[in-house]
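Residue-level structure breakdown
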Amino acid sequence: MALYGQKQFHIVNHSVPREDGFDKVTGRATYAADIKYPNMIYAAMLRLVGVASAKVTKIDTSKALKLAGVLAVFTADSFPKMKSWARYFYITDTVRYVGDVIAIIAAETYAIAEEAKKLIHVTYEELPAVFDIREAMKEGAHPVHEEYPDNIFTDSIYTLRKGDTEKGFEQADLIIERTYETQYAEHAYIEPEAVVASEDSSNGEMTIHASAQNPFFTRRYVADILQIPLNRVHIIQETLGGSFGGKEEGVGLLAARAAFVCHVLHRPVKMVYTREESILESSKRHPFLLTYRAGVKKDGRIVAWEATQIGNSGAYNNQTQFLNWRACAHCAGAYDIPNIKSKTFGVFTNNVHSGAFRGYSSPQLLFAQEQFIEEIAEELGMEPLKLRLINCLRDGSTVATGAKVSEVLLPDIIEYTAKQTDYTKKYEQNKTQSGRIRKGIGMAISHRGCGYGAESPDAAGAFLIVNEDASVLLHSGIAENGQGLKTVYCQIAAEALGVPYENIRFFGTDTHRIPDCGMTVASRGTVMGSQAVKKAGEKLNLILREHACTLGFFDSGKGGAPNDRIAQDLVLREGHIFDPSYHEYQVPLADVTNIALWKGLNMAAYEWHVPDPCIQEHDTQQGRAFPTYSYTCVVAELEVDTGTGEVTLKNVHSSHDVGTAINPALIKGQIYGGIVMGWGYASMEEVVLKNGIVGSRNLDEYLIPTAMDMPNMKVSIFECDDNSGTYGAKSVGEPAIECVAAAIANALYNATGRRIRCNPAGLENVLIGRKLW
């Protein structure tokens, strides 16, 4: 174990300015909504906002079409297909949730399109509906989709079996069971979804400027609705004003709608969501109903663990099956338990649909699991810290999927964070306090599988081009989402290629410039996605050293060397090529590249990286789920006004094993953001639904933390010698949020003696609690 600062690199492992920072702070960055074309028109969408389940029987558009400036109104009958390749609907005549689109209006201005919506008369028949997963699973419940008559999303069912749980429970001295429930949460990114579509009449190419998290994913929707080959769809990712997983399906559907209208009317089309529309149609964090049962020995060893993890998929879903695989792999937390049995599945309801959100099931699971651990400790009369240290993963442990892990810093990180926060002393003192204002301290720990793992091949490519002046262009199919990926990729390329960081530019992801490299998800961008960047840099480094020899820069006598040098004798570093034995003689790279261009020599390299496969047995999920894991410990300190229920978060100490800190400043930024997002999830954020109708449709009703709510934040970065990721890097974007809500929930109990088993811990919940249905 080592805190950050022990590794030796030239460019990675150092904090450098963001590659895109200047453009953002000066306002030069271009967002999708900024794009304008001559003769551009606007399109708006009509929904049955007050109805969650209905059959549209008639749409009268006659008045809308008479409004000056209205060009067309499209209904379900107008579209070549209603259902997308990924289950979601471009447009529909059967409403399954409030976000379903039933008509699209094209007009000369956005204001005219919005006015036309008011002139459309819709006749519909309300249908039965289900909103709670318990209700949806009852016999005879209304099926949201005919193909899932019991509402159980069969593609999302995962069962895990490790050891023999029956035997484990027989050996246990204590058996404890608890149920927890989590809420819908909104991404609340600063920039709502936006796209601009333009078709080239000469060749039929459809170009989309989009606020897309995953441009290649968006491309599939456009090709699907137009029924054209992928090579005729050109997606340009503009600067993204936040995503966190939310700009996947929603932007794909939006881009497809804009492309269809553009294709029919032969004019560029802009579509931009209002905040209300974004909250209505975009995906949300999956609510989970979580039941855990554990068998424990008197000495604290957990010998058996059962988990039932049920997610509310909402009306449509293309994520639950992947999210539940990850939830299955993490069903027992960061603990080495010999006997584990779990079942994880999703249930369809007529609610807003659930999807990817930072953490991808882990914040929900950990909210429950880490409280459950403390409830076990309380039943045993044991300190929670001691129980964690007895059972937590360490070198040689086996995770829930049965794979052994190594380079595990978790016990050291736990002890370090506990010591830094004086956790044990404060925890005991708080249990005896009195008065209206109560202090609390709570801990949570986690492990997170890095990258896709066994979910999907974690492959990606990269293309590096060196110009005659030694400047470098970097292309990757992994996209910048605001997390600093461009900066990190430029650092990795500079380290591998041997040029200054400032020499490299990565302008963004364009589907016409690089192959599909998979989605920017699963915190895979640095740990796995950048492997190809490193390989391309190393390949090009050798090519350029060879050119220096071929062009005579290192012939005998040059720099005092008696013999000709070959590429293997040379080093390319910081933009200079030299022989370490005669380091006074250094050739600027630009001298080599300038001549190489006119000699017709290659100065580009493309690489594709496919990691070693992770393979699991399907029925039991036993096997290697991930190449490696990140480890986290969070301690939260707060104060509770027991008269009002107000919670003030005072301090959060967040400690992370990041493998290698490619850019420590960016890592801290990720962790600070994760703390604040986790604080919101723990205490105030909830998409309120009543019979499927969204009550919190803007940020005046959906509350998120502001600058006034920020706690004091302390970040500790740990590094290790695990070389699974690029230069040893591990995931951090999602681990940054995962433990925060759980640590806060445990701190609330330490302060008040009240368990918050149903999120969020708002005023009423802290004061009187919220019962599970």
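Each chain carries its own residue numbering, running from 1 in the written order of its sequence. This being a predicted model, a pLDDT of at least 70 is required before a residue's local features are given, and a value of 80 or more before pairs of side-chain atoms are given or counted; all residues contribute to the totals for chains, interfaces and linings. Only hydrogens and water are set aside; all other atoms, that is, all heavy atoms of the structure, feed into the side-chain values.

1. Observations regarding the overall build of the protein
Starting at the N terminus, helices and strands are each numbered in turn, a helix being any DSSP run of H or I of at least four residues and a strand any DSSP run of E of at least two. In terms of helices and strands, the protein carries 21 helices and 31 strands. Relative to the globule expectation of 28 Å for 773 residues, the C-alpha radius of gyration of the protein, 28 Å, shows essentially globular dimensions. Along the first, second and third principal axes, the C-alpha set of the protein runs to 85 × 75 × 50 Å. When a residue's accessible area, from a 1.4 Å probe over protein chains only, is under 20% of the maximum for its type it is buried; when over 50% it is exposed; and in between it is partly exposed. By residue count, 61% of the 773 residues in the protein fall in the buried class. Residues count as neighbours in contact if any of their non-hydrogen atoms are within 4.5 Å of one another. Long-range contacts, defined as pairs at least 24 residues apart, comprise 80% of the intrachain contacts of the protein with a sequence gap of at least 6. Accessible surface is estimated by sampling points in the Shrake-Rupley manner with a 1.4 Å probe; for residues, cover comes only from the protein chains shown. Of the accessible surface of the protein, which amounts to about 28400 Å², a share of 50% is contributed by carbon and sulfur atoms. Each charge sign in the protein was given a centre, from 76 positive and 92 negative side chains, and these centres are 3 Å apart. Both definitions apply: the radius of gyration is a C-alpha atom measure, and the globule rule equals 2.2 Å times residues to the power 0.38. His residues and chain termini do not enter the charge count, which takes Lys and Arg as positive and Asp and Glu as negative. Note that the charge is assigned to NZ on lysines, CZ on arginines, CG on aspartates and CD on glutamates.

2. A word on the domain arrangement of the protein
Assigned domains of the protein: these are domain 1 (21–28 + 459–609), domain 2 (32–128 + 193–272) and domain 3 (284–453 + 618–768). All the domain ranges listed were derived from an automatic or database domain assignment. Taken over C-alpha atoms, the centre of domain 2 sits 37 Å from the centre of domain 3. Listed by partner, the interface residues are 22 residues for domain 2 and 19 residues for domain 3. Each of two parts loses accessible area, computed with a 1.4 Å probe, when they are put together; buried area is these two losses added. Carbon and sulfur atoms make up 58% of the area that domain 2 and domain 3 hide from each other, which totals about 1600 Å². Counting the surface domain 2 buries against domain 3, the share from its top three residues, Tyr-88, Tyr-97 and Phe-244, is 38%.

3. Topic: the sheet that holds strand β3 (residues 54–60)
Two strands qualify as a pair provided that DSSP identifies no fewer than 2 bridges between them. With antiparallel pairing, three strands are arranged side by side in an open sheet as β5-β3-β7. Each edge of the sheet is formed by a strand with only one pairing partner; in this case those strands are β5 (94–95) and β7 (121–126). Alignment of β3 against β7, held across six bridges, turns out to be antiparallel. Across the sheet, the residue bridging to Lys-58 is Thr-123, located in β7.

4. Description of unusual backbone geometry
Across the junction of Asn-759 and Pro-760, the peptide omega takes the value -5°, indicating a cis bond. Mapped onto the elements, Pro-760 comes out in the loop between α20 (740–752) and α21 (763–768). One non-glycine residue, Asn-151, adopts positive backbone phi at about 70°. Mapping Asn-151 onto the fold places it in the loop between α4 (133–136) and β8 (152–162). The exposure class assigned to Asn-151 is buried, which follows from its relative accessible area of 0%. Positive phi values are uncommon outside glycine, yet Ala-470 reaches one of about 75°. Here Ala-470 lies in the loop between β20 (460–466) and β21 (472–476).

5. Some remarks on a nonpolar patch on the surface
Taken together, the side chains of Tyr-606, Trp-608 and Val-610 define a hydrophobic patch exposed on the protein surface, amounting to about 270 Å² of accessible area. Summarising the element assignment, Val-610 is placed in the loop between β26 (604–609) and β27 (629–641). Candidate patch residues must exceed 30% relative accessible area and have no salt bridge, after which like charges are joined if within 9 Å and Val, Leu, Ile, Met, Phe, Trp or Tyr side chains if within 5 Å. Salt-bridge detection follows one rule: a side-chain nitrogen of Lys or Arg within 4 Å of a carboxyl oxygen of Asp or Glu.

6. Focus: the environment of Asp-422
Tracing the chain through its elements places Asp-422 in the loop between α12 (410–421) and α13 (423–430). Accessibility expressed as a relative area gives 34% for Asp-422, which makes it partly exposed. Measuring from C-alpha to C-alpha, the distance between Asp-422 and Leu-67 comes to 69 Å, with 355 residues separating the pair along the chain.

7. Focus on α12
Take the number of residues in a helix, subtract one, and multiply by 1.5 Å to get its expected span. Between its first and last C-alpha, α12 extends 16 Å over twelve residues, near the 16 Å set by a 1.5 Å rise per residue. Those residues of α12 that sit buried are Leu-410, Pro-411, Ile-413, Ile-414, Thr-417, Ala-418 and Thr-421. Along the axis of α12, the buried positions cluster into a sector of 165°, meaning they face one direction only. Lining the buried residues of α12 we find α11 (384–391), α13, β19 (437–449), β27, β28 (647–657) and β31 (712–719). This arc is taken over the directions from the axis of the helix to the C-beta atoms.

8. Here's the deal with the packing of aromatic side chains
Any two of the Phe, Tyr and Trp rings considered here, Trp counted by its six-membered ring, make a pair once their centres fall within 6.5 Å; the pair's planes then place it as stacked at under 30 degrees, edge-to-face at over 60, or tilted in between. One pass over the structure, following the stated rule, counts 21 aromatic pairs. Aromatic pair Phe-79 and Phe-260: ring centres 4.3 Å apart, planes at 40°, arrangement tilted. Taken together, the residues Phe-79 in the loop between β4 (70–75) and β5 and Phe-260 in helix α7 (residues 249–265) connect sequence positions 181 residues apart. Look at Phe-79 and you get buried, because its relative accessible area is 6%.

9. Quick notes on the nonpolar core
One broad trend across soluble globular proteins is that nonpolar side chains are buried collectively. Core analysis: the largest hydrophobic core is formed by 97 residues, its most contacted members being Ile-104 and Ile-208. By residue number, the principal contributor to this core is α7, which donates ten residues. Side-chain atoms within 4.5 Å are what join buried Ala, Val, Leu, Ile, Met, Phe, Trp, Tyr and Cys residues into a set we call a nonpolar core. Counting 59 residues, the second-largest nonpolar core is a separate cluster that includes Ile-337, Ala-418, Ile-445 and Phe-626.

10. Focus on the sheet that holds strand β10 (residues 194–199)
Read from one edge to the other, the open sheet built from seven strands follows the order β4-β6-β2-β13-β10-β11-β12, with strand pairing classed as mixed. Each of the sheet's edge strands pairs with one partner strand only, and the pair in question is β4 and β12 (233–237). Taking the axes of each pair of neighbouring strands and ignoring which way they run, one obtains an average angle of 20° across the sheet. The pairing of strand β2 (residues 41–47) with strand β13 (residues 269–272) spans two bridges and is classified as parallel. Counted as the bridge partner of Tyr-42 is Lys-270 from β13. Here helix α3 (residues 110–117) sits on the sheet and contacts β2, β4, β6 (101–107) and β13; the angle it forms with β2, its principal contact strand, is near 25°. Lines fitted to the C-alpha atoms define the axes, with helices restricted to the stretch that makes contact. Angles between their N-to-C directions range from 0 to 180 degrees.

11. Describing the environment of Arg-18
Relative to the elements of secondary structure, Arg-18 occurs in the loop between β1 (2–3) and α1 (21–26). On the accessibility criterion, Arg-18 (28% relative accessible area) is partly exposed. Separated by 329 residues in sequence, Arg-18 and Val-347 place their C-alpha atoms 42 Å apart. Once residues within four sequence positions are removed from consideration, Arg-18 is found in contact with Lys-24, Glu-480, Gly-482, Gln-483, Gly-484, Thr-487, Tyr-501 and Leu-666. Here a polar contact is taken to be a pair of N or O atoms separated by no more than 3.5 Å, where protein atoms must pair a possible hydrogen donor with a possible acceptor and residues adjacent in sequence count only if both atoms sit in side chains. A distance of 3.3 Å separates the side chain of Arg-18 from the backbone oxygen of Gly-482, its partner in a polar contact.

12. Section: the state of the cysteines
Working definition: a disulfide is two cysteine sulfur atoms within 2.5 Å of each other. Taken as a whole and judged by the stated rule, the model has zero disulfides. No disulfide involves Cys-328; its sulfur sits 5.6 Å from that of Cys-331, the nearest cysteine. For Cys-328, a relative accessible area of 0% gives the class buried.

13. Structural notes on the pattern of salt bridges
Counted by the stated rule, this structure contains 40 salt bridges. Between Lys-431 and Glu-428 there is a salt bridge, and its shortest N-O distance comes to 3.3 Å. Overall, Glu-428 belongs to the partly exposed group, its relative accessible area being 32%.

14. Some points on the side chain of Asn-750
Structurally, Asn-750 is set in helix α20. Looking at Asn-750, its side chain comes within polar contact range of the side chain of Asn-430, at 2.8 Å. Once residues within four sequence positions are removed from consideration, Asn-750 is found in contact with Lys-426, Tyr-427, Asn-430, Lys-431, Gln-433, Lys-439, Gly-440 and Ile-441.

15. A word on the side chain of Thr-520
Of note, Thr-520 is situated in the loop between β22 (504–505) and α15 (525–529). For Thr-520, a relative accessible area of 9% corresponds to the buried category. Sequence-distant contacts of Thr-520, defined by excluding residues within four places in its chain, comprise Gln-213, Asn-214, Ile-478, Ala-479, Asn-481, Gln-483 and Leu-485.

16. A word on the pairing of β27
Taken across its 13 residues, β27 has twelve buried, putting it largely inside the fold. Bridge count between β19 and β27: 13 bridges; the pairing is antiparallel. Residue pairing for β27: Gly-449 is matched across the bridge by Tyr-629. Alignment of β27 against β28, held across ten bridges, turns out to be antiparallel.

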